[in-house]
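# Chains, contacts and geometry: an overview
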Amino acid sequence: MLSLALAGKPNAGKSTFYTAATMADVEVGNYPFTTIDANRGVSYARTECPCLDRDSQCDSDNCRDGKRYVPVELYDVAGLVPGAHEGRGLGNQFLDELTDADAIIHVVDAAGATNAEGEPVEIGEHDPVEDVHFIEEEMDQWLAAIISRNWESVERQSRSPDFDIDDALSEMLTGVGATEADVAAVLRGLEYPDDPREWDDDTREQLATDIRARTKPQIVVANKADIAPEGNIDRLREAAEIVIPATADGELALRRAAEAGIIEYDPGDESFDIVGDVSDQQRKGLERIGNVMAEYGGTGVQQAIDTVVYDLLDHMTAYPVENETRWTDGQGVMLPDAHLLPRGSTPLDLAYAVHTDIGEGYVHAVDARAERRISDDHELSEGDVVKIVSTN
Ligand SMILES: Nc1nc2c(ncn2[C@@H]2O[C@H](COP(=O)(O)OP(=O)(O)OP(=O)(O)O)[C@@H](O)[C@H]2O)c(=O)[nH]1
Ligand SMILES: [Mg+2]
């Protein structure tokens, strides 16, 4: 499963985002370091379900009127302050927790209602643009320190006659969440001496930065958009590549209201309808959220996850079935599963994603939309429904 980490300053709204996106119960508070141990849970990327192209809708619990929710892991870690790599705030603990994240959702307090340490200040008092790059910088320095710490060992290995610098670096960096392919790609773009004794700090830092940029891509969530002073969102948009304005506690309120039957709303919808009895106060609260949604096309929470999965990480959704005519599994359940795969994945990749045994026994695949066999190197597209024929 893809793993997305919520990172950012204390008090930016990470736990609120997490609670809304997973509907789990975690502590939220208007003070720094409310969260100490990471919370892990399941959230969902939203896409269009292939059942929209059929006469009947599918049976999956993860499909609502053709809105398909595909599971991803989300985790919420302790807040990070500048200097964390040197142990400030809760320090390194948090950085270690990011090791297995595929991407980072950086939650920024766009209202500027918290200072660099995450302590509450007047709205607009702190400039959120200052917060945009510090996570990357902390991660870079944390990684550079790990590389430096391990350098002696690389130098020692270099005395062996069959020493290979690329292999040694690959071994070290796969320990911090990079794959061999990541390391190889980064090394191709870097100029460096073959002898580890000739490396300087700058080269090691460059290696750290390049590895981090490749293995921990991030988006910025401009949270608290509901109270952000005018202009803050626009300036944040200029400061980072991907910026999603959001109101995490607005989303949380909507999900709770939907659960209570007061509104009709599915995560990622651009608006909601009030369908139950509400007090004047509730109505006003909902209207405020509705205004933010009208401005940004939703609360931003679902949009942030979808942007990470489908744009930043460039994944697509494929649906394995056993019956290519009815799009069902062996029990007759229509479109029971959805898998997120990197774009460019083939039927064989899907087979392995379903189960290693299915992958190992792979014989061929059938495109269930066309009811036609597809070649083994066929690149799957978003929404493909595929029957895999396997000896296992
Ligand atoms: N106005 C507004 N307040 C929000 C929003 N999201 C979160 N908050 C508030 O911001 C404060 C901090 O929220 P948390 O979710 O605990 O923040 P955190 O980033 O997890 O903080 P730490 O665990 O301390 O790192 C709480 O008072 C939330 O109610 C939002 O979208 N709008
Ligand atoms: Mg928290």
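Up top is the structure these notes are about.
Everything quoted here is computed from the prediction, not taken from an experiment.

### Quick word on the nonpolar core
- Core analysis: the largest hydrophobic core is formed by 39 residues, its most contacted members being L4, F17, L74, I105, I305, V309 and L335.
- If you list the elements that add at least two residues to this core, you get strand 1 (3-7), helix 1 (14-22), strand 4 (67-76), strand 5 (103-109), strand 6 (218-223), helix 10 (301-312) and strand 10 (315-321).
- A per-element tally of this core places helix 10 first, with six residues.
- Apart from residues lying up to four places away in sequence, I305 is in contact with L4, F17, A21, S43, Y44, A45, V72 and I105.
- With 36 residues, the next largest nonpolar core counts A7, V77, A101 and I104 among its residues.

### Observations concerning the state of the cysteines
- A full pass over the atoms with the stated rule returns zero disulfides.
- Among the cysteines around C49, which has no disulfide bond, C51 carries the closest sulfur, lying 3.6 Å off.
- The class for C49 is buried, based on a relative accessible area of 2%.
- Of the cysteine sulfurs around C58, a residue in no disulfide, the closest is that of C63, at 3.6 Å.
- Relative accessible area serves as the criterion here: at 12%, C58 is assigned to the buried category.

### Some points on the pairing of strand 12 (residues 362-367)
- Taking burial as the measure, the six residues of strand 12 include five buried ones, the bulk of the element.
- Of the strand pairs in this sheet, strand 12 and strand 14 (residues 384-390) are connected by five bridges, and their pairing is antiparallel. By the bridge assignment for strand 14, H364 is matched with V389.
- By the bridge criterion, three bridges tie strand 12 to strand 13 (residues 372-374) in an arrangement that is antiparallel. Note on strand 13: the bridge partner recorded for V366 is R373.
- With antiparallel pairing between neighbouring strands as the criterion, strand 12 and strand 13 make up a hairpin whose turn holds four residues, including E371 at a positive phi of roughly 50 degrees.

### Side note on empty space enclosed by the protein
- All chains considered together, the criterion is met by one cavity of 30 Å³ or more.
- Counted as a void, the largest cavity has a volume near 60 Å³.
- Around the largest cavity, the lining residues are M139, W142, L143, V176, A178, I211, R212, T215 and K216.
- Sorting the residues of the lining of the largest cavity by element identifies helix 3 (134-157) and helix 6 (201-215) as the ones contributing at least two each.

### Considerations on the packing of aromatic side chains
- Here the structure, examined in full by the defined rule, presents two aromatic pairs.
- Judged by centre distance (4.7 Å) and plane angle (50 degrees), the ring pair of W151 and W199 falls under tilted. Taken together, the positions of W151 in helix 3 and W199 in the loop between helix 5 (180-188) and helix 6 put the pair 48 residues apart, joining distant regions of the chain. Residues W151 and W199 agree in their burial class; the two are buried.
- With a centroid separation of 5.5 Å and 45 degrees between ring planes, the pair formed by Y192 and W199 is classed as tilted.
- An aromatic cluster is built from W151, Y192 and W199, whose rings are joined through pairwise contacts.

### Quick look at the pattern of salt bridges
- Under the defined criterion, the tally for this structure stands at 18 salt bridges.
- D53 serves as the salt-bridge partner of R369, at 2.7 Å between the closest nitrogen and oxygen. With R369 in the loop between strand 12 and strand 13 and D53 in the loop between strand 2 (39-48) and strand 3 (63-64), the pair connects residues that are 316 residues apart, well separated along the chain.
- The salt bridge partner of K67 is D269, with a shortest N-O separation of 3.2 Å. Separated by 202 residues along the polypeptide, K67 in strand 4 and D269 in the loop between strand 8 (263-264) and strand 9 (273-274) bring together distant segments of the chain. Grouping residues by exposure puts K67 and D269 together as buried.
- Counted as one network, the salt bridges with shared partners bring together R46, R64, K67, D266 and D269.

Thresholds applied
Residues numbered from 1 in each chain as written. Chains lettered and ligands numbered in written order. Predicted model: local features only at pLDDT ≥ 70, side-chain atom pairs only at ≥ 80, totals over all residues. Heavy atoms only, no water. Core = buried A, V, L, I, M, F, W, Y, C linked by side-chain atoms within 4.5 Å. Buried < 20%, exposed > 50% of the residue type's maximum accessible area, 1.4 Å probe, protein only. Helix = DSSP H or I, 4+ residues; strand = E, 2+ residues; numbered from the N terminus. Contact = heavy atoms within 4.5 Å. Disulfide = S-S within 2.5 Å. Pairing = 2+ DSSP bridges. 1 Å grid on protein atoms, 1.4 Å probe; cavity = no way out; pocket = protein on both sides within 12 Å on 5 of 7 lines; lining within 4 Å. Points joined across faces, edges and corners; volume = space filled by probe spheres on them. Phe/Tyr/Trp six-rings, centres within 6.5 Å; stacked < 30°, edge-to-face > 60°. Salt bridge = Lys/Arg side-chain N within 4 Å of Asp/Glu carboxyl O.

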